[in-house]
Amino acid sequence: MGNTQPKKHLVILGSGFAAVTLVKKIDLKAYDVTLVSPRNHFLFTPLLPSTTVGTIEFRSIIEPIRKVRKGIKFSQATCTAVNYEQRRIVCRTTEPETEFTLDFDKLVIAVGAENNTFNIPGVRENALFLKELTDARNIRERIVSCLERASVPDIAPAEREKLLHFVVVGGGPTGIEFAAELHDLLEEDLVQSYPELVKHTRITLFEAGKSVLNAFDEKLRDFTKRHFTRQGIELELGRPVEEVGDGYLKLKSGEVIPAELIVWSTGYGPTSLIQSLPFEKDRSGRLFTNEYLAVMGTEGLYALGDCALVNKTSLPQTAQLAMQQGKYLAEALNAAARGRQYKPFKFINLGMLAYVGESQALAELPAVNVKQGGMTTFLFWRSAYLTRLVSLKNKILVAFDWLKTWIFGRDLSKF
């Protein structure tokens, strides 16, 4: 006789690494799965900086959620409230704006985090973020716009200087990799497309702390600083920002820095949904979970990825953590459906990678005690990311984009 137990309704909020890994591994014979997210695609965020300058095309790093796993339900909407006692969530769609509710037996919150502006005036109005594909497109369009405007005959020198001064705020992996990709664009493609502008371009990275890439080993941080200096990227460390205006950046020292493109990448804070939940959180607003990834004081309610903190232990907010949590929870839920116990979650640090420009990358791999930067690491960086892409289609497209860029250069068209 088959299993006569009714299927549990598993609702998953989010479409990032944790949610997609869970969806791919969950047993659909034991669970009816509904995924709710305002984004109807999975985005491979580690390669997002490459799309801002055309090294990789936008659609090469996304996969439609409906193609990730057959047999699941998907609703493109934002969850606005969770009623834990009634086992129900409230969701809102945007096209058109309507509201609906979903009942759940088990709920997985994997909504990620939002850009943290630290309440600095003018950031949301005047800076560009780099978190979603629309952000990358906005940055790419702004870069091309700056170049075109700066090439207009008889432009005032001060205006040209502002247009060609590209500023990054934040010395984490995203800020560093964007600065590196932008340097490659200016160094490799401007000579043919905008030869008269080459000598006027500047990239400056502002970081409030005393170093960049704080999650990396000191040796790799020093390598990055030296490498950026050789490339001509200006590192302004210990220089916190006070205000962002239309075409300028004001530092706490009072200095005003003219720049038409300001990319803000200073870390993440909790989403409005996470802020609204009545459960225990850490100082930065992340939900506390136990060693089984269940939200503290709840049953059947789980939190994964950037919006959660396991056992009050700080772990790196990276794609590999989210993927490991998604895989673990799928296996744990599958075991629970069969009446079996499952071991607690344990994070295995596979290491960190970062691109720093001119075909150079960093790799910190604790399992084999490797901490190095350079060309060999760059090839490892590319191959590692290529294997992590969700679908065969993504892998082929990204490999083709890299080859196309190497042969033909980057496309600086604006449309």
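Residues numbered from 1 in each chain as written. Predicted model: local features only at pLDDT ≥ 70, side-chain atom pairs only at ≥ 80, totals over all residues. Heavy atoms only, no water.

Caption draft 1: Expanded view of the overall build of the protein. Looking only at helices and strands, one finds 13 helices and 25 strands in the protein. By the compact-globule yardstick of 22 Å for 415 residues, the protein fits well, its C-alpha radius of gyration being 23 Å. Along the three orthogonal principal directions, the C-alpha set of the protein runs to about 80 × 40 × 40 Å. Expressed as a percentage of its 415 residues, the buried residues of the protein come to 51%. (Helix = DSSP H or I, 4+ residues; strand = E, 2+ residues; numbered from the N terminus. Rg over C-alpha atoms; globule rule 2.2 N^0.38 Å. Buried < 20%, exposed > 50% of the residue type's maximum accessible area, 1.4 Å probe, protein only.)

Caption draft 2: Just the packing of aromatic side chains, in detail. Per the stated rule, a full pass over the model turns up 11 aromatic pairs. Measuring from ring centre to ring centre gives 5.9 Å for F378 and W381, while their planes differ by 25 degrees; the resulting arrangement is stacked. Taken together, the positions of F378 and W381, both in helix α12 (residues 375–388) and three residues apart, correspond to about one turn of that helix. Through a chain of ring-to-ring contacts, three or more aromatic side chains come together here, namely F17, F42, F44, Y355, F378, W381, Y385 and W402. Positioned above the aromatic ring of Y268 is the side chain of K131, whose terminal nitrogen or guanidinium carbon lies 5.9 Å from the ring centre. Geometry around F288 places K312 over its ring, the cationic atom sitting 4.9 Å from the centre. (Phe/Tyr/Trp six-rings, centres within 6.5 Å; stacked < 30°, edge-to-face > 60°. Lys NZ or Arg CZ within 6 Å of the ring centre and 35° of its normal.)

Caption draft 3: Up close: the sheet that holds strand β8 (residues 99–103). Pairing is antiparallel across the open sheet formed by three strands, whose spatial order is β6-β7-β8. This sheet does not close on itself; its edge strands, each paired only once, are β6 (78–83) and β8. Recorded for the sheet is a direction-independent mean angle of 25 degrees between the axes of neighbouring strands. Pairing of β6 with strand β7 (residues 88–92), which is carried by five bridges, proceeds in the antiparallel orientation. Bridge assignment links N83 to a residue of β7, and that residue is R88. (Pairing = 2+ DSSP bridges. Axes fitted to C-alpha atoms, helices over the stretch in contact; angles between N-to-C directions.)

Caption draft 4: Structural view of empty space enclosed by the protein. The final tally for this structure, using the stated rule, is one cavity of 30 Å³ or more. The volume enclosed by the largest cavity comes to roughly 40 Å³. In terms of lining residues, the largest cavity is bounded by R286, G305, A308, L309, V310, L315, L321 and Q325. At the level of elements, β22 (308–310) and α11 (319–337) are the ones that each hand at least two residues to the lining of the largest cavity. Considering each element in turn, the lining of the largest cavity owes the most residues, three residues, to β22. Considering only residue class, the lining of the largest cavity consists of five nonpolar, two polar and one charged. (1 Å grid on protein atoms, 1.4 Å probe; cavity = no way out; pocket = protein on both sides within 12 Å on 5 of 7 lines; lining within 4 Å. Points joined across faces, edges and corners; volume = space filled by probe spheres on them. Nonpolar A, V, L, I, M, F, W, Y, C, P; charged D, E, K, R; others polar.)

Caption draft 5: Quick look at a nonpolar patch on the surface. Taken together, L403, W406, I407 and F408 make up a surface patch of nonpolar side chains, about 540 Å² in accessible area. Looking at the secondary structure, you find W406 in helix α13 (residues 392–408). A relative accessible area of 70% means that W406 is categorised as exposed. (Patch = residues over 30% accessible without salt bridge, like charges linked within 9 Å, V, L, I, M, F, W, Y side chains within 5 Å. Areas by Shrake-Rupley, 256 points an atom, 1.4 Å probe, with all protein chains shown as cover. Salt bridge = Lys/Arg side-chain N within 4 Å of Asp/Glu carboxyl O.)

Caption draft 6: How the structure looks around the environment of W264. On the secondary structure map, W264 appears in strand β18 (residues 261–264). As for W264 and R137, which are separated by 127 residues in sequence, their C-alpha atoms are 15 Å apart. Those residues within four positions of W264 in sequence are excluded, and the remaining contacts are N116, T117, I120, V123, A127, L128, F129, L130, V169, V241 and V244. For W264, the side chain forms a polar contact with the main-chain oxygen of N116, separated by 3.1 Å. (Contact = heavy atoms within 4.5 Å. Polar contact = N/O pair within 3.5 Å; in protein donor to acceptor, adjacent residues only side chain to side chain.)

Caption draft 7: Representation of the state of the cysteines in the model. Applying the stated criterion across every chain yields a total of zero disulfides. The closest cysteine sulfur to the non-disulfide-bonded C79 is located on C91, 4.8 Å from its own sulfur. (Disulfide = S-S within 2.5 Å.)

Caption draft 8: Molecular detail of the nonpolar core. In terms of nonpolar packing, the biggest core is built from 97 residues, with I12, I26, L47, I61, I143, F178 and L182 touching the most fellow members. In this view, L182 contacts V53, I143, F166 and I203; residues no more than four positions away in its chain are not counted. Core analysis: the next-biggest nonpolar cluster, separate from the first, contains 23 residues, V36, L102, L277 and L287 among them. (Core = buried A, V, L, I, M, F, W, Y, C linked by side-chain atoms within 4.5 Å.)

Caption draft 9: Looking closely at α13. Relative to the 24 Å expected for 17 residues at 1.5 Å per residue, α13 spans 24 Å between its end C-alpha atoms, a close match to the ideal helical length. For α13, every residue scored as buried is listed here: N394, V398, D401, W402 and T405. The buried residues of α13 all sit within an arc of 95 degrees when viewed along its axis, so they share a single face. Of the exposed residues in α13, those oriented more than 90 degrees away from the buried face are L392, I396 and F408. For α13, the secondary structure elements touched by its buried residues are β4 (62–64) and α12. Once α13 finishes, G409 follows within two positions and takes phi at roughly 85 degrees, a positive value. (Expected span 1.5 Å × (residues − 1). Arc of directions from axis to C-beta.)

Caption draft 10: Quick peek at the sheet that holds strand β11 (residues 128–129). One open sheet accounts for five strands, arranged β11-β18-β12-β13-β14; its pairing is parallel. The open sheet has two edge strands, β11 and β14 (234–237), and neither has a second partner. Sheet analysis places strand β13 (residues 202–207) next to β14, joined by four bridges and oriented parallel. Counterpart to T204 in the pairing with β14 is E234.

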